[in-house]
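What the coordinates show
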Amino acid sequence: MKKLVVRLAEPSEAEVLTRLAMTAKASWGYSDAFMEACRAELTMTPTKMSAWTVWVADIDGTIYGMIAVNFGRASGNAELEDFFVDPVYQGRGVGWALMSVVFQTCRSRSVRVLGVDADPNSEKIYWRFGFATVGRARSRSILGRTLPRMELRITEGCVAHSDGQR
């Protein structure tokens, strides 16, 4: 793989991040109707970007992954709002690079618990990062759909490794 750089996203990249989110989500085989129902939730906006901390995985000037965390939660807690990797780059370390930055930032901000309402298809991916399923959450896009509610306890040694260990 060419040189991967994880950096903070720029508000001008909101449209690129929206396309990335839609492409990555659609890669699970969802129908066009399902994807349209998710469009508002998956649309990145400058407003969201100013409320969250958003990083991108940039490979030679092209964005192939993004992760967004809301640190404005209750003290000691943060919420993983978005995490997408272009299907072409899945399984190549892009997600690990992004998650490693999140773990490091959580530790530096004294975050003890990182939560996420995960797509059911990605639950196993989050398990590999050390998240545990703690319940169910209502989908913000699809009426009647529930999602795995997952949490990760952040520890001093919490680091993403490509072998699934942390």
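The following refers to the structure shown. Predicted model only: the values in this text are computed from it and were never measured. Residue positions are given per chain, counted from 1 along the sequence in the order it is written. In view of the model being predicted, local features appear only for residues whose pLDDT reaches at least 70, and side-chain atom pairs are presented and counted only at 80 or more, with totals across whole chains, interfaces and linings using the full set of residues. To get the side-chain values, take all heavy atoms of the structure and skip hydrogens and water.

Overview of the pairing of strand β5 (residues 113-117)
Per-residue accessibility, obtained with a 1.4 Å probe over protein chains only, is compared with the maximum for each type, and a residue is labelled buried under 20%, exposed over 50%, and partly exposed between these values. Runs of E in the DSSP output that reach at least two residues are strands. Runs of H or I that reach at least four are helices, and both are numbered from the N terminus. Burial analysis of β5 places 4 of its 5 residues in the buried class, which makes it a mostly covered element. One ladder, built from 3 bridges, connects strand β4 (residues 77-85) with β5; its direction is parallel. Along β5, the bridge assignment pairs N77 with V113. A crossover links β4 with its parallel partner β5, the connecting element being helix α4 (residues 94-108), and its sense is right-handed. Any two strands are treated as partners once DSSP identifies two or more bridges connecting them. In the sheet, β5 pairs with strand β7 (residues 146-153) via 5 bridges, with the strands oriented antiparallel. Each bridged residue has a counterpart across the sheet, and for V116 the counterpart in β7 is M150. Here is how to tell: hold the view so the strands point away, follow the path from the first strand over the helix to the second, and if it runs clockwise the crossover is right-handed.

So, the pairing of strand β2 (residues 53-59)
The element β2 is largely enclosed, with a buried count of 7 among its 7 residues. Where burial is concerned, the two faces of β2 agree: the one with T53, W55, A57 and I59 and the one with V54, V56 and D58 are both buried. Where strand β1 (residues 4-8) meets β2, 5 bridges bridge the pair, whose relative direction is antiparallel. Considered in β2, the bridge of R7 is made with V56. Strand direction decides the pairing type here: β2 and strand β3 (residues 62-70), joined by 7 bridges, are antiparallel. Across the sheet, the residue bridging to A57 is G65, located in β3.

Here's the deal with the environment of I154
With respect to the helices, strands and loops of the structure, I154 is situated in the segment after β7. Ignoring sequence-local partners within four residues, the contact set of I154 consists of F103, C106, R107, V111, R112 and L114. The contact criterion used is simple: two residues touch if any of their non-hydrogen atoms lie within 4.5 Å.

Here's the deal with the packing of aromatic side chains
Each aromatic ring pair is characterised by the separation of its centres together with the angle its planes make. The aromatic pairing rule takes the rings of Phe, Tyr and Trp, using the six-membered ring of Trp, and pairs them if the centres are within 6.5 Å, calling planes under 30 degrees apart stacked, those over 60 edge-to-face and the rest tilted. Inspection of the entire model under this criterion finds 6 aromatic pairs. Note on Y126 and F131: the rings are 5.3 Å apart at their centroids and 75° apart in plane angle, and the pair reads as edge-to-face. The exposure classification of Y126 matches that of F131, with both residues buried. Sitting above the plane of the Y89 ring, R92 keeps its charged end 4.9 Å from the centroid. The ring of F71 carries the charged tip of R109 above its face, separated from the ring centre by 4.1 Å. Whether a charge lies above a ring is judged from NZ of Lys or CZ of Arg, which has to be within 6 Å of the ring centre and within 35 degrees of the ring normal.

Brief notes about helix α2 (residues 32-42)
An α-helical turn contains 3.6 residues, so any two residues separated by three or four positions project in the same direction. Regarding α2, the residues found buried are F34, M35, C38 and L42. Down the axis of α2, the buried set is contained in an arc of 85°. They therefore lie on one face. Residues of α2 that are exposed and angled more than 90 degrees away from the buried face: D32, A33 and A40. The directions considered for the arc are those from the helix axis to the C-beta atoms.

Some details on the side chain of R149
By secondary structure assignment, the location of R149 is in strand β7. Non-local contacts of R149, meaning those with residues more than four positions away in its chain, are made with E79, G115, V116, D117, A132, T133, V134, G135, R136 and A137.

Quick notes on the pattern of salt bridges
Counted as salt bridges are all cases of a side-chain nitrogen of Lys or Arg within 4 Å of a carboxyl oxygen of Asp or Glu. Scanning all chains against the criterion turns up 10 salt bridges. Of the charged contacts in the structure, one is a salt bridge between R39 and E36, with a shortest N-O distance of 3.1 Å. Pair noted here: R39 and E36 are both in helix α2, with a separation of 3 residues, about one helical turn. For R39, a relative accessible area of 36% puts it in the partly exposed group. When the shortest N-O distance is used, the salt bridge between D117 and R149 registers 2.9 Å. In this pair, D117 is assigned in strand β5 and R149 in strand β7, connecting sequence segments 32 residues apart.

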